[in-house]
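Take a look at the letters that make up each chain.
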Amino acid sequence: MTEKDIYDKRKFYKTKLEPLIHELKLQCNMEHMPMFVTVAVKNDKAGTEYASDMVLAGSGTELENNRISKLLLELNNIHQKYPDYIETDIREISQYLERLNTNIYPNSGIELADNKINTFHKITDPYRPSSCEPDGYSDLMDV
C-alpha cells in the first residue's frame, strides 16, 4: 500500500457527494429505477470504509436479474449458500419451469385457466424481493 492509497474522504463525501446521491436517489425513485452506489470513503492499512446507498424496494420494480440484492448481500458479508440438496432442488425446479412455457401441461390434457407457472420463481429465487414477502405464495393459490 502506497501513500496515495491511504486517505480519509468522509468529510468530502458528506458535503459534496451525499447531496448528489440524494438527488440521484430521488430521480431514480420517481422513475421507478432501482439503483445502488457505493463509495470507498476511507482507506488505510486497517481496512476500507464504504458508504453505500440504494433504491430498490421503493422503486416498485421487480428486476429479472437482481444484481443489486446480490451486491448488498456480498457487501454485508452474507454469503448465501444452501445445502447441496436444496441447491439441486432449486436447479431442477428452475430447469423444469424453463421447459414449461405453456398453459397446457404436457401429456396431461389439462389446460390452465390462468398460468401461474411464471410466479414459481418466488419459491426458487432467493434474490427476488417478492420471495421474502409474507404472502409470496398467495398468488399461487388463486388458480
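The rules behind the values
Residues numbered from 1 in each chain as written. Predicted model: local features only at pLDDT ≥ 70, side-chain atom pairs only at ≥ 80, totals over all residues. Heavy atoms only, no water. Helix = DSSP H or I, 4+ residues; strand = E, 2+ residues; numbered from the N terminus. Buried < 20%, exposed > 50% of the residue type's maximum accessible area, 1.4 Å probe, protein only. Contact = heavy atoms within 4.5 Å. Areas by Shrake-Rupley, 256 points an atom, 1.4 Å probe, with all protein chains shown as cover. Pairing = 2+ DSSP bridges. Axes fitted to C-alpha atoms, helices over the stretch in contact; angles between N-to-C directions. Core = buried A, V, L, I, M, F, W, Y, C linked by side-chain atoms within 4.5 Å. Salt bridge = Lys/Arg side-chain N within 4 Å of Asp/Glu carboxyl O. Expected span 1.5 Å × (residues − 1). Bend = angle between axes of the 7 residues up to and from the residue.

**As for the overall build of the chain**
If you tally the helices and strands in the chain, you get 4 helices and 3 strands. Taken from N to C terminus, the helices and strands of the chain fall in the order β-α-β-β-α-α-α. Burial analysis of the chain (143 residues in total) assigns 21% to the buried set. Partitioning the intrachain contacts of the chain with sequence separation of at least 6 by distance along the chain shows that 46% fall at a separation of at least 24. Accessible area for the chain stands at about 10600 Å²; split by element, carbon and sulfur atoms hold 54% of it.

**Quick word on the sheet that holds strand 1 (residues 7-8)**
Spatially, 3 strands are ordered 1-2-3 in an open sheet, and the strand pairing comes out antiparallel. The outermost strands of the open sheet, each flanked by one partner alone, are strand 1 and strand 3 (47-55). Direction of pairing for strand 1 relative to strand 2 (residues 35-44): antiparallel, over a ladder of 2 bridges. Bridge pairing links Tyr7 to Asn43 in strand 2. The strands touched by helix 2 (residues 67-75) within the sheet are strand 2 and strand 3, with strand 2 carrying the most contacts at an inclination of about 25 degrees.

**Overview of the nonpolar core**
Residues Tyr13, Ile21, Cys28, Met35, Val37, Val41, Ala51 and Val55 constitute the largest nonpolar core, which totals 8 residues. Going through the elements one at a time, helix 1 (10-30), strand 2 and strand 3 are the ones with two or more residues in this core. With sequence-adjacent residues up to four places away left out, Val37 is seen in contact with Ile21, Ala51, Ser52 and Asp53.

**A look at the pairing of strand 3**
Both strand 2 and strand 3 contribute to a ladder of 9 bridges, which runs antiparallel. For Lys42, the partnering residue across the bridge sits in strand 3 and is Glu49. The loop that links strand 2 with its antiparallel partner strand 3 comprises 2 residues.

**As for the pattern of salt bridges**
Enumeration over the complete set of coordinates arrives at 6 salt bridges. A salt bridge links Glu18 to Lys14, with the nearest nitrogen and oxygen atoms 3.3 Å apart. On the criterion of helical spacing, the pair formed by Glu18 and Lys14 is a turn pair, its members being 4 residues apart in helix 1. Given the relative accessible area of 31%, Glu18 is considered partly exposed. Linked through salt bridges whose partners overlap, the residues forming this network are Asp8, Arg10 and Glu49.

**Section: helix 1**
For helix 1, built from 21 residues, the straight-helix expectation of 30 Å at 1.5 Å per residue is met to within 8% by its first-to-last C-alpha distance of 28 Å. Of all the bends in helix 1, the largest measures some 45 degrees and sits at Leu17, one to four residues before the proline Pro19. Taken together, the buried residues of helix 1 touch strand 2 and strand 3. Backbone geometry just downstream of helix 1 places His32 in the positive-phi region, at approximately 55 degrees.

**Considerations on unusual backbone geometry**
Even without being glycine, His32 reaches a positive phi, approximately 55 degrees. Looking at the secondary structure, you find His32 in the loop between helix 1 and strand 2.

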